[in-house]
Amino acid sequence: MKYAKPAIRIEEQADLLLGRGLIAEREQLVRLLEGVNYYRFSTYLYPFRIAGTDRFQPGTTLDTVWRRYNFDHRLRMLLLDAIGSIEIHARTQLAYYFALLYGPFGYEESQNFPNFDPVKKDFERWSEKVTEQTRHGYEQNSAEEFVIHFFRKYGDEHKTLPIWMFIELMDFGSTLSFYRGSINTIQKRVASTIDQPDRVMLSWLLSLNTVRNRCAHHSRLWDWKLGTPVLIPQEKKFPKWHAPAFPNDRVGVMLTICRYWLGKVSTADQWTLRLLDLFDEFPEIPLAPMGLPVNWREHPLWKS
């Protein structure tokens, strides 16, 4: 089927929403749509539609929808902050244990990544990507001082950085691949720093990478559903995760993972307070679409 919808002026977009029952001052709505794409904003309007129609429920105001939009924005910023700290911890531990086992340049050797699939050329693709990231770190317009210093001093002998420097240029996706490809011994040692099995940590990293990318692209988060559910630790060894268990395909469980992980590597107190303040500021936000029960703050993983 050919897409035949024409482009329409912002004023017409505003009139379309007003005609469907959105309560707003037209000029205010036009100004909003000048800064936020109609298609993006309409995703926040969808929950307010009358089922089976394109009209909005009676009493749907621009202020109500805009508050939800701003809540979602600030939630993404909090998650990006937490995931940034988690990423730094993960790659720090990876570099540490990998260097102890294989030396500073062991990441150049494919045999040191037994969990990469040779048929899919996982190592080659990962190596090409991180080599490009190193090159970007050396470019004049975005040069990292430690990269310039290393190659000025050791460039006659080395074309690559030692792992503890190199890891600082990796993005989350490359770090995730590094963990997936590493020997199981390293995976287990890194996972032990947060008191979790390696398969649970891998699942968490995969989901955190997905959430991070969604946050970085400013995509809606509060009622979003994970494509691949995240692993919940086994009840026998980790009973708090089942008192009760959070739905493993919603943002609520990702918030819980962030709180848990931050608490293992430093402190989650300040981040948790900022998150709770956000929920206090927006008490009208529905919790169920986030996978959070009404009494979620009393859950053992949040109450302490």
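Just so you know, these numbers come straight off a predicted model, no measurement behind them.

About the thresholds
- Residues numbered from 1 in each chain as written.
- Predicted model: local features only at pLDDT ≥ 70, side-chain atom pairs only at ≥ 80, totals over all residues.
- Heavy atoms only, no water.
- Core = buried A, V, L, I, M, F, W, Y, C linked by side-chain atoms within 4.5 Å.
- Buried < 20%, exposed > 50% of the residue type's maximum accessible area, 1.4 Å probe, protein only.
- Helix = DSSP H or I, 4+ residues; strand = E, 2+ residues; numbered from the N terminus.
- Contact = heavy atoms within 4.5 Å.
- Arc of directions from axis to C-beta.
- Axes fitted to C-alpha atoms, helices over the stretch in contact; angles between N-to-C directions.
- Left-handed = near helix turned anticlockwise from the far one by under 90°.
- Nonpolar A, V, L, I, M, F, W, Y, C, P; charged D, E, K, R; others polar.
- Expected span 1.5 Å × (residues − 1).
- Phe/Tyr/Trp six-rings, centres within 6.5 Å; stacked < 30°, edge-to-face > 60°.
- Polar contact = N/O pair within 3.5 Å; in protein donor to acceptor, adjacent residues only side chain to side chain.
- Parallel < 35°, antiparallel > 145°, perpendicular 65-115°, else oblique.
- pLDDT = per-residue confidence, 0-100.
- Salt bridge = Lys/Arg side-chain N within 4 Å of Asp/Glu carboxyl O.

## Observations regarding the nonpolar core
Phe41, Trp126, Trp261 and Met290 are the most contacted members of the largest nonpolar core, which totals 90 residues. Here this core gets 16 residues from one element, more than from any other, and that element is helix H4 (residues 62-102). Once residues lying within four places of it in the same chain are set aside, the contact partners of Trp126 are Tyr107, Phe113, Phe116, Phe166, Met170, Ser174, Ser177 and Phe178.

## Some remarks on helix H6 (residues 145-154)
Within H6 the residues assigned to the buried category are Val147, Phe150 and Phe151. Down the axis of H6, the smallest arc covering the buried residues is 90 degrees, so these residues share one side. Structural note: H6 exposes Glu145, His149, Arg152 and Lys153 on the side pointing more than 90 degrees away from its buried face.

## A word on the packing of helix H10 (residues 198-216) against helix H11 (residues 251-265)
As a packed pair, H10 and H11 sit with axes 11 Å apart at the nearest point and diverge in direction by 115 degrees. Seen along the crossing, H10 lies across H11 with a hand that is left-handed. Counting all contacts with H10, which are made through Met201, Trp204, Leu205, Ser207, Leu208 and Val211, the residues of H11 involved are Met254, Ile257, Cys258, Tyr260 and Trp261. Along the lines of polarity and charge, the residues of the contact of H10 with H11 split into 10 nonpolar, one polar and no charged.

## What about H4?
In this model H4 runs 58 Å from its N-terminal to its C-terminal C-alpha over 41 residues, within 8% of the 60 Å that 1.5 Å per residue would give. Residue Gly103 follows H4 closely and has a positive phi angle near 90 degrees.

## Structural notes on unusual backbone geometry
Here the amide bond leading from Ala243 into Pro244 is cis, since omega sits at -5 degrees, within 30 degrees of zero. Along the polypeptide, Pro244 turns up in the loop between H10 and H11. Of note in this structure, Lys121 is not a glycine but carries a positive phi near 55 degrees. Summarising the element assignment, Lys121 is placed in the loop between H4 and helix H5 (122-138). Residue class for Lys121 comes out exposed when judged on its relative accessible area of 51%. Phi at Asp195 takes a positive value of approximately 55 degrees, unusual for a residue other than glycine. Inspection of the secondary structure puts Asp195 in the loop between helix H9 (184-192) and H10. A relative accessible area of 43% means that Asp195 is categorised as partly exposed.

## Describing the environment of Arg68
Note on placement: Arg68 falls in helix H4. Distance from Arg68 to Leu45, taken between C-alpha atoms, is 9.5 Å for residues 23 residues apart in sequence. Here Arg68 is in contact with Tyr44, Pro47, Phe48, Trp222, Ile285 and Pro286, once residues within four sequence places are set aside.

## Some thoughts on the packing of aromatic side chains
In this structure the tally under the stated criterion is 27 aromatic pairs. Seen in terms of ring centroids, Trp204 and Tyr260 are 5.7 Å apart; in terms of plane orientation they differ by 85 degrees. Their pairing is edge-to-face. Here Trp204 is found in helix H10, whereas its partner Tyr260 is found in helix H11, with 56 residues between them in sequence. A residue is classified by how much of its surface remains accessible, and Trp204, at 0% relative accessible area, is buried. Every member of this aromatic cluster is reached through a ring pair, and the members are Phe98, Tyr102, Tyr107, Phe113, Phe116, Phe123, Trp126, Phe166 and Phe178.

## Description of the environment of Glu284
Here Glu284 lies in the loop between helix H12 (269-281) and helix H13 (300-303). We classify Glu284 as partly exposed; its relative accessible area is 36%. As for Glu284 and Arg68, which are separated by 216 residues in sequence, their C-alpha atoms are 8.8 Å apart. Engagement of the side chain of Glu284 in a polar contact is seen with the side chain of Arg67, the distance being 2.7 Å.

## Comments concerning the side chain of Asp198
Among the structural elements, Asp198 can be located in helix H10. Ignoring anything within four residues of it in the chain, the contact list for Asp198 reads Tyr179, Asn184, Gln187, Lys188 and Ala191.

## Topic: the packing of H4 against H12
Here H4 crosses H12 at 175 degrees, and the two axes come no closer than 11 Å. Judged by the angle between their axes, H4 and H12 are roughly antiparallel. On H12, the residues touching Arg67, Phe71, Arg74, Leu75, Leu78, Asp81 and Ala82 of H4 are Trp271, Arg274, Leu275, Leu278, Phe279 and Glu281. Looking at the contact of H4 with H12 residue by residue, the classes come out as eight nonpolar, no polar and five charged.

## Re the confidence of the model for the protein chain
Mean pLDDT for the protein chain: 93, with 97% of residues reaching 70 or above. Taken element by element, the protein chain is modelled with least confidence in H5, mean pLDDT 84, and with most confidence in H9, mean pLDDT 97.

## Describing the pattern of salt bridges
When charged atoms on two side chains of opposite charge get close, those side chains can pair. Scanning all chains against the criterion turns up 17 salt bridges. Its salt-bridge partner being Arg274, residue Asp81 comes within 2.8 Å of it at the nearest N-O pair. Of this pair, Asp81 sits in helix H4 while Arg274 sits in helix H12; the two residues are 193 residues apart in sequence, bridging distant segments of the chain. On the accessibility criterion, Asp81 (34% relative accessible area) is partly exposed. Judged by its relative accessible area of 40%, Arg274 falls in the partly exposed class. Between Arg91 and Glu87 there is a salt bridge; the shortest N-O distance is 3.6 Å. Within this pair, Arg91 and its partner Glu87 are both found in helix H4, separated by four residues, close to a single helical turn.

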